[in-house]
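Each chain, letter by letter, is given below.
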Amino acid sequence: MIDRLHILLVEDNPGDADLIREMLPPDSPEGVEIECVSRLSKALECVRVVRFEIILLDLGLPDSQGLETIRAMRHGAPSLPIIVLTGNQDEQVGLEAIREGAQDYLVKGHLDNRMLMRAIRYAMERKRAEEVLLNMAQEWQRTFDTMNEAVWILDKDNRILRSNKAAELYFHRPRAEMVGKNCWEIVHNTAQAVADCPILRARKSLHHESTELQIGEAWFEISVDPILDSEGRFAGAVHVVINITAEKLSEEALRKSEQEFRSLAESMPQIVWITRPDGWNIYFNQQWVDYTGLTLEESYGHGWNTPFHPDDRKRAWEAWQNATQNDATYSLECRLRRADGAYHWWLVRGVPMRDADGKILKWFGTCTDIDEIKNEEEKREKLELQLRQAQKMEAVGQLAGGVAHDFNNMLSVINGYSDMLLMEIPTSDPKYERIMEINKAGQRSADLTRQLLAFARKQNIAPKVLDLNDTVEGMLKMFRRLIGENVELLWKPSVNLCKVKMDPSQINQILANLIVNARDAISGTGKIVIETDKAELDEAYCEMHPDTFPGKYIALSVSDNGCGMGKDTIEHIFEPFFTTKKIGEGTGLGLATVFGIVRQNNGTINVDSEPRKGTTFKIYLSSYESEISEKDESNDTAKIITGTETVLLVEDEESLLQFAKMLLERLGYKVLPADSPAQAINIASEYKGDIHLLMTDVVMPEMSGRDLSRSSYNKKTLCPLSSMS
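Residues numbered from 1 in each chain as written. Predicted model: local features only at pLDDT ≥ 70, side-chain atom pairs only at ≥ 80, totals over all residues. Heavy atoms only, no water.

K.L.:
Give me the lowdown on the pairing of strand β27 (residues 693-697), citing residues and values where you can.
P.N.:
With 4 of its 5 residues buried, β27 lies for the most part within the structure. As paired strands, strand β25 (residues 646-650) and β27 are joined by 4 bridges and run parallel to one another. Along β27, the bridge assignment pairs V647 with L693. (Buried < 20%, exposed > 50% of the residue type's maximum accessible area, 1.4 Å probe, protein only. Helix = DSSP H or I, 4+ residues; strand = E, 2+ residues; numbered from the N terminus. Pairing = 2+ DSSP bridges.)

K.L.:
Mind laying out the pattern of salt bridges, listing which residues take part and the relevant values?
P.N.:
One pass over the structure, following the stated rule, counts 28 salt bridges. For E177, the salt bridge identified is with R173, shortest N-O distance 3.9 Å. Note that E333 and K374 form a salt bridge whose closest N and O atoms lie 2.7 Å from each other. Linking E333 in strand β15 (residues 330-337) with K374 in helix α14 (residues 371-424), this pair joins segments that are 41 residues apart in sequence. A residue is classified by how much of its surface remains accessible, and K374, at 16% relative accessible area, is buried. (Salt bridge = Lys/Arg side-chain N within 4 Å of Asp/Glu carboxyl O.)

K.L.:
How would you explain the sheet that holds strand β2 (residues 32-37) if you had to name every residue and give the values?
P.N.:
On the basis of which strands lie adjacent, the open sheet formed by 5 strands has the order β2-β1-β3-β6-β7 and parallel pairing. The sheet is open, and its two edges are formed by β2 and β7 (104-107), each paired on a single side. Averaged over all adjacent pairs, the angle separating strand axes in this sheet is 20 degrees, with direction ignored. In this structure, strand β3 (residues 54-58) lies alongside strand β6 (residues 82-86), joined through 4 bridges in parallel fashion. Note that in β6 the partner of L56 across the bridge is I83. (Axes fitted to C-alpha atoms, helices over the stretch in contact; angles between N-to-C directions.)

K.L.:
Could you give me a rundown of the packing of helix α18 (residues 504-521) against helix α21 (residues 590-600), with the residues and numbers involved?
P.N.:
The interhelical angle for the contact between α18 and α21, taken along N-to-C directions, is 145 degrees, at an axis separation of 9 Å. The interaxial crossing formed by α18 with α21 has left-handed handedness. Residues Q506, Q509, I510, N513, L514 and N517 of α18 form the contact with α21, whose own contacting residues are G590, L591, T593, V594, I597, V598 and Q600. (Left-handed = near helix turned anticlockwise from the far one by under 90°. Contact = heavy atoms within 4.5 Å.)

K.L.:
Could you give me a rundown of the nonpolar core, with the residues and numbers involved?
P.N.:
Of all hydrophobic cores here, the largest spans 37 residues; its most connected members are L511, I528 and I530. At 6 residues, α18 tops the list of elements feeding residues into this core. Leaving out residues up to four positions away in the same chain, L511 has contacts with V472, M475, F479, I530, L556 and V558. Formed by 22 residues, the second largest nonpolar core is a distinct cluster that contains W152, I186, C197 and F220. (Core = buried A, V, L, I, M, F, W, Y, C linked by side-chain atoms within 4.5 Å.)

Written out as structure tokens, the structure is:
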């Protein structure tokens, strides 16, 4: 705020100067201080050294006249407001003075205090307003010139009113040269507007319009925003030109990169995919469409989850969550549905693409078909499992055979002595019944050892050529009595079957065990079906079942609609003493016996069962092609043979040796006992008489019975050999 109003009065007439001083006394409310000079030159010197708030200027001075006076004063003090004092009432002179920069003009003969002070106040206020506007204009111009975009202000005729500094750099022209020209003269160097000109479109639409334009190697974006008057009519426009060459080059590079990526992705045999960080899919190549049958629209977003096998969808989502939360590679083996509904195994892998700060922008991934590899792995695992099972069964068989062999030796002694006692004492003897019970228990134990030997494939058999249908039909009556009336037994034989060669009793054993198990699996009423059929096993089947050989087979199957079995049970059913029955209801040797018999006859057995859906056992027996039937030469009756000949008896089991010696001697034979092959050779060498029969155990620690027969009589006449096992 100004304390005193310091005025420079330029007036050469002393009377007029005094009059003005009287109108503005120093003690007035405004606090006026006046300095008066009579010449222009003196006034110009004053404004250079003294600060004034306003100048009262007479146009008629000794050293200057008229408008030249104000021009000179304006030049010397451009920032001070000037009020012109004139004795001329010509209004035209006043207007011309104002055009030259005066704030006001006053006629000396008509002045009063009030008029003079009002003119001074108005002049100073206008000057302050001009300064504010000038500052604003300067500030606006500075802002205008700091913009990187070329900006023009156009009038209603599309002529350039104002131009910023960037426009000079864009178009290599000074702004003074551009002002007044139409925008297309500068941008396109044409006399008329070009087609699709945004300024013409903006004049018509009265809204923002833009276009992209290439000039030489450079690209520009031109945008026009119309300026409307108070009535909403077009009054001008803001015309902005932005150099987008760098963006265009980046877009072109990105387009080429995307084109190369798409060409690469489409040529890859794998499925290629891209998702956002949240798993929203934004790209699949054509291989996905060809395989799944889904359109790209159906697959985008979370549609990628659709073809997953229902059992794999949860795993797929969990693997995705693990990858995104733990910053890990996305990796998953899963099944995807093909367009025809079949499922194949695929390896799905994905890796993140990051920006410079490590933030994940996208996920890139592939799906690789591993169905063949997976099937080979499953096939190999199945073969390995079958091999381990076969090895286990072989080991169990060897153990069972060894146990049965030793146990059978002891049972031979028990049963033999009990038979001898039963022949020696009368039935009325109180001990007879006790010995009979011992004998029965021994026979039952002998049956168990025969089952173990059957499993171990070491029992003695008498194979015959059989018609399987006839053999089974001959047993049906017995089997129906075995299962009872509440279970129906169906027999479905196939016609024109080839024959098989095996011991008939073994077929009986197989069917009896399977039918009893089927009966026990049925609760209440049910059905058991026995079937025969032709079968041919190829190399592919035999690869999956190592103990079989390609060729023609007869299939014998037993099915029931009982309780069925689970996978864990099926893995153990052929093992000796494994049973699902209650204690005391089964020995666990039935299916082990079936397994051993089938393998002993070069066959194979398969099981198909599910809980609550029943069970089917299918046995493949090698077909016998020969048409020559074999005659049963077994005798219906057996007669006890006695004699007086000499028998060399060799048995390494002492108790069995003593029992056999006693039995032969009771039949009248002379017995030379030996508990080892070496002792037998010594006895044969030293004995002077004839040895009529060599009766020896087949398997002994030192040598076999056959080898013993050859070494014992190298100097004697060969005699018959009878082997024991």
